[in-house]
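Spelled out from the first residue to the last, the chains are:
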Protein chains: 2
Amino acid sequence: MPKLSAAAIRSKKDTIEDAARELFIKQGFHATSMRDIAKGADVSLGNLYNYYETKDSIFESIIDRYLTVIDEQLKSIFAEIDEPMEPANLRKLGANVGKLVNEHSDFWLLMYIDVLEFQNRHFRKMFDGITDRFRKIFGDKFAAAEARGDLRMGVDAAPVFTAAYMQFFNYFLVEKLFGGNRHLGLDDEQALNCLTKVFAYGTLSEQNLSRFKRSANKSLSG
Amino acid sequence: MPKLSAAAIRSKKDTIEDAARELFIKQGFHATSMRDIAKGADVSLGNLYNYYETKDSIFESIIDRYLTVIDEQLKSIFAEIDEPMEPANLRKLGANVGKLVNEHSDFWLLMYIDVLEFQNRHFRKMFDGITDRFRKIFGDKFAAAEARGDLRMGVDAAPVFTAAYMQFFNYFLVEKLFGGNRHLGLDDEQALNCLTKVFAYGTLSEQNLSRFKRSANKSLSG
DNA sequence: GAATAAAAAACGGACGTTCATTTTCTTTAT
DNA sequence: ATAAAGAAAATGAACGTCCGTTTTTTATTC
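Every value quoted in this text rests on a predicted model; they were computed, and no experiment measured them.

Peer 1: Describe in detail the overall build of chain A, supporting the description with residues and values.
Peer 2: Along the backbone of chain A there are 10 helices and 0 strands. The principal-axis extent of the C-alpha atoms belonging to chain A is close to 70 × 40 × 30 Å. Taking all 222 residues of chain A together, 55% fall into the buried category. Pairs at least 24 residues apart make up 67% of the contacts formed inside chain A by residues separated by at least 6 positions. Surface accessibility of chain A: about 10200 Å² in total, with carbon and sulfur atoms responsible for 50%. When the 30 positive and 31 negative side-chain charges of chain A are each reduced to one mean point, those points stand 2 Å apart.

Printed below as a string of structure tokens:
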């Protein structure tokens, strides 16, 4: 009574999902047939149904696995941020987001597929309550920065940090997927510098700004 | 030899395109059949082909007409901006972008369809060289603001203005289409205030900031 | 009654899924 | 050691449906 090992099943599912993902991204979900996937994964049509109940469930499986990968990468990006509102760290956040977008642009296309064909069912949690999540991660750092007088009077760090995060994402997504080549009129490095500066000057207190100006300004041209 | 008037043809095409657009948005392009469109527009299946060559051409026709509508609205939004870097005007830009996104969310879904199914063929021009376009529209205003000393030393207004524009767009798109309900942890008004403040403090010179603080700060809480 | 418009029917093919069949391979009996 | 057994896994033909488009038929209007 032969039965595939869990590893063998996982490996085969990986093959199938890799092929499916590539096709979904290249031609969309509905335009990709089960026969396409079978051919791409070098598996018979019928055999697909030994691993997945429906075509939809292949899509869902891809998303679920990808989401955990992205979540982990995001976690490690946030983990290396000790002082979230410090300009150098904001810039590094931007650079890391850029890497994430460029190395996993597939993922974001899947998100658009999800928006269009599944009412964003699977990706909803990506943005829902994101500021609260940042508050959970960096809440004490935000409070400490405020207590130190790093921030301008009346600035709530959480939404600003979220806005910076979103702006970085949007910048690289537009560059990668929407054909806005150098849409800020700057290369990526200059764009990162420019956006970082805006958020630094936009939130830091004057005393902290002058410190920032002395130390980092030279390196953030553009 | 009866022949429909141009107006009658246009009216019927409008009916068809309205139905098609609604369906494309609700269930995607490939998931929408010509039979669906025919039923939605209360037209026979065969008759569709008296007005359009293919299903693709219906999509293209919708996009073309919609693009001109959006272009005009954007033009009028920009036309009422006399001083692009002034905080009050940035905020108004944000509010207008919000209206544009919310009133025409269909349009932006079509853009995602275009990204996925047509490699963004029809929407490419939307973001390509956008900063240069702003430079053409506001170049003299940017230069004047710089000459007046409104801006911090070394700030190039064009990419910052573009970034603000993109940030507003992204904020409302995430709110409307991606299920990020109050993803900045603020309501729309507060979010506009918060973002406007960041860009104001992020770019204005100190002399101009103090003027801004006196006049507008009270109204931009959040 | 001639030309246009609309409707209906038909076409060939592709779709997601099912299913009868064959292949594969571990286990058991010899 | 090997053959038989038998379930798991893989296959590809088959099913019924729906697809975009074309063709044929009917209705409308001058």
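Peer 1: Which residues make up the interface of chain B and chain A, and what values go with them?
Peer 2: With 48 residues of chain B at the interface, the matching set in chain A holds 47 residues. Together, the buried faces of chain B and chain A total about 4000 Å²; carbon and sulfur atoms form 63% of this surface. Where chain B touches chain A, the interface holds 0 salt bridges. At the boundary of chain B and chain A, one finds 8 residue pairs in polar contact (both at pLDDT 80 or more).

Peer 1: Help me get a handle on the domain arrangement of chain A, residues and values and all.
Peer 2: Residue and element names in this part refer to chain A. If you check the domain split of chain A, you get domain 1 (1–52) and domain 2 (60–219). For domain 1 versus domain 2, the separation of C-alpha centres amounts to 34 Å. On the domain 2 side, the residues contacting the 10 residues of domain 1 number 10 residues. Across the domain 1/domain 2 interface, buried area totals approximately 920 Å², and carbon plus sulfur atoms make up 66% of it. Ionic pairing is found between Asp106 and Arg21, a salt bridge with its closest N-O pair at 3.5 Å.

Peer 1: Could you give an account of the packing of helix H5 (residues 87–103) of chain B against helix H8 (residues 157–177) of chain B, with specific residues and numbers?
Peer 2: All names here are of chain B. Axis separation between H5 and H8 bottoms out at 9 Å; the angle between their running directions is 40°. H8 is crossed by H5, and the crossing has right-handed handedness. From H5, Leu90, Leu93, Gly94, Val97, Gly98, Leu100, Val101 and Asn102 reach across to H8, where they touch Phe161, Ala164, Tyr165, Phe168, Phe169, Phe172, Leu173 and Lys176.

Peer 1: Please give an account of the relation of the copies chain B and chain A that cites residues and values.
Peer 2: If you rotate chain B by 179° and push it 0.0 Å along the axis, it lands on chain A with an RMSD of 0.2 Å. The operation mapping one copy onto its partner corresponds to a two-fold rotation axis. Taking C-alpha positions as the reference, the residue of chain B nearest the rotation axis is Gly202 of chain B, at 1.8 Å. A share of 98% of the interface residues of chain B reappears at the interface of chain A, consistent with the copies meeting face to face through the same patch.

Peer 1: Tell me about the nonpolar core, and please be specific about residues and values.
Peer 2: Counting 156 residues, the largest nonpolar core has Trp108 of chain A together with Trp108 of chain B as its most contacted members. Excluding anything up to four places from it in sequence, Trp108 of chain A contacts Ile70, Leu100, Val101, Met126, Phe169, Leu173 and Leu177 of chain A.

Peer 1: Pulling in residues and values, what's your account of the packing of helix H8 (residues 157–177) of chain A against helix H9 (residues 188–203) of chain B?
Peer 2: For the pair H8 of chain A and H9 of chain B, the least separation of the axes is 10 Å and the interaxial angle reads 75°. When the axes of H8 of chain A and H9 of chain B are compared, the pair comes out roughly perpendicular. From H8 of chain A, Pro159, Val160, Ala163 and Gln167 of chain A reach across to H9 of chain B, where they touch Cys194, Leu195, Val198 and Phe199 of chain B. In terms of residue class, the contact of H8 of chain A with H9 of chain B is built from 7 nonpolar, 1 polar and no charged.

Peer 1: Outline helix H4 (residues 55–79) of chain A, supporting the account with residue identities and numerical values.
Peer 2: For H4 of chain A, spanning 25 residues, the distance from its first C-alpha to its last is 37 Å, which sits close to the expected 36 Å at 1.5 Å a residue. Where H4 of chain A begins, one side-chain oxygen reaches toward the backbone nitrogen of Asp56 of chain A, 3.4 Å away; that side chain belongs to Thr54 of chain A.

Peer 1: Requested: an account of the side chain of Asn89 of chain A, with residues and values cited.
Peer 2: Residues and elements named next belong to chain A. Counting through the fold element by element, Asn89 comes out in helix H5 (residues 87–103). A polar contact of 2.9 Å, which involves the side chain of Asn89, links it to the backbone oxygen of Glu83. Discounting residues that sit within four places of it in the chain, Asn89 has contacts with Ile81, Asp82 and Glu83.

Peer 1: Please provide a residue-by-residue account of the packing of aromatic side chains, values included.
Peer 2: What the rule picks out here adds up to 44 aromatic pairs over all chains. Measuring from centroid to centroid gives 5.1 Å for Phe78 of chain A and Phe134 of chain A, while their planes differ by 85°, and the two rings are edge-to-face. Taken together, the positions of Phe78 of chain A in helix H4 and Phe134 of chain A in helix H7 (residues 130–148) put the pair 56 residues apart, joining distant regions of the chain. A residue is classified by how much of its surface remains accessible, and Phe134 of chain A, at 3% relative accessible area, is buried. Centre to centre, the rings of Phe78 of chain B and Tyr165 of chain B are 5.8 Å apart; their planes meet at 55°, and the pair counts as tilted. With Phe78 of chain B in helix H4 (residues 55–79) and Tyr165 of chain B in helix H8, the pair connects residues that are 87 residues apart, well separated along the chain. Owing to a relative accessible area of 5%, Tyr165 of chain B belongs among the buried residues under this scheme. Looking at Lys55 of chain A, its charged tip hangs above the ring of Phe29 of chain A, at a distance of 4.5 Å from the centre. Above the face of the Tyr201 of chain A ring, Arg152 of chain B is positioned so that its terminal group lies 3.2 Å from the ring centre.

Peer 1: Any details on helix H1 (residues 6–27) of chain A? Residues and values, ideally.
Peer 2: Residues and elements named next belong to chain A. Across its 22 residues, H1 extends 31 Å between first and last C-alpha, which sits within 8% of the 32 Å expected from 1.5 Å per residue. Here H1 has its buried residues at Lys13, Ile16, Glu17, Ala19, Ala20, Leu23, Phe24 and Ile25. Where H1 is buried, its residues contact helix H2 (34–41), helix H3 (45–51), H4 and helix H6 (105–117). Immediately beyond the C-terminal end of H1, within one or two residues, lies Gly28, with a positive phi of roughly 90°.

What counts and how
- Residues numbered from 1 in each chain as written.
- Chains lettered and ligands numbered in written order.
- Predicted model: local features only at pLDDT ≥ 70, side-chain atom pairs only at ≥ 80, totals over all residues.
- Heavy atoms only, no water.
- Helix = DSSP H or I, 4+ residues; strand = E, 2+ residues; numbered from the N terminus.
- Buried < 20%, exposed > 50% of the residue type's maximum accessible area, 1.4 Å probe, protein only.
- Contact = heavy atoms within 4.5 Å.
- Areas by Shrake-Rupley, 256 points an atom, 1.4 Å probe, with all protein chains shown as cover.
- Lys, Arg positive; Asp, Glu negative; His and termini not counted.
- Charge placed at Lys NZ, Arg CZ, Asp CG, Glu CD.
- Buried area = accessible area lost by both parts, 1.4 Å probe.
- Salt bridge = Lys/Arg side-chain N within 4 Å of Asp/Glu carboxyl O.
- Polar contact = N/O pair within 3.5 Å; in protein donor to acceptor, adjacent residues only side chain to side chain.
- Domains from an automatic or database assignment.
- Axes fitted to C-alpha atoms, helices over the stretch in contact; angles between N-to-C directions.
- Left-handed = near helix turned anticlockwise from the far one by under 90°.
- Least-squares fit on C-alpha atoms with pLDDT ≥ 70 in both.
- Core = buried A, V, L, I, M, F, W, Y, C linked by side-chain atoms within 4.5 Å.
- Parallel < 35°, antiparallel > 145°, perpendicular 65-115°, else oblique.
- Nonpolar A, V, L, I, M, F, W, Y, C, P; charged D, E, K, R; others polar.
- Expected span 1.5 Å × (residues − 1).
- Phe/Tyr/Trp six-rings, centres within 6.5 Å; stacked < 30°, edge-to-face > 60°.
- Lys NZ or Arg CZ within 6 Å of the ring centre and 35° of its normal.

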